[in-house]
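Examination of the molecular architecture
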Amino acid sequence: DDDAPVVTCPAATLTVNTNGGGTCEITIPDYVADLSPTDNCTLAGDLNESQNVAAGPYSVAGDGSTVVVTYTVTDDATPANQTQCVVTRTANGRE
């Protein structure tokens, strides 16, 4: 199997508002739960998905701060094939 898994990635750059209440936090989505990869040989439930920044609230330094989130999906082939989505989230501290 030479084919990498297929997934529709979110936009590569997103500007997101900080969470309310005066905090300098943005919310990181759970791409593992939200994205639905497929593969030509490996069943969807057997694909290995991960993201380098945990989903949920994430502290940022302030307006304009960026967080790069990498989502990776890998199949069961030998050697394994993988696909990555890289999303840069920029904080907008002006609520």
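Nothing here was measured: the structure is a model prediction, and the numbers come from that model.

As a further point, take the sheet that holds strand β1 (residues 13-17). Here we have 4 strands laid out as an open sheet, ordered β1-β6-β5-β3, and mixed in their pairing. The open sheet terminates on both sides in strands that have one partner only, identified here as β1 and β3 (48-51). For this sheet the average axis-to-axis angle between neighbouring strands, irrespective of direction, equals 20 degrees. Both strand β5 (residues 66-74) and strand β6 (residues 82-92) contribute to a ladder of 9 bridges, which runs antiparallel. Note on β6: the bridge partner recorded for T66 is T90.

To continue, consider unusual backbone geometry. Between T78 and P79 the backbone carries a cis peptide bond, its omega angle lying at -5 degrees. Mapped onto the elements of the fold, P79 is located in the loop between β5 and β6.

Cut-offs applied
Residues numbered from 1 in each chain as written. Predicted model: local features only at pLDDT ≥ 70, side-chain atom pairs only at ≥ 80, totals over all residues. Heavy atoms only, no water. Pairing = 2+ DSSP bridges. Helix = DSSP H or I, 4+ residues; strand = E, 2+ residues; numbered from the N terminus. Axes fitted to C-alpha atoms, helices over the stretch in contact; angles between N-to-C directions.

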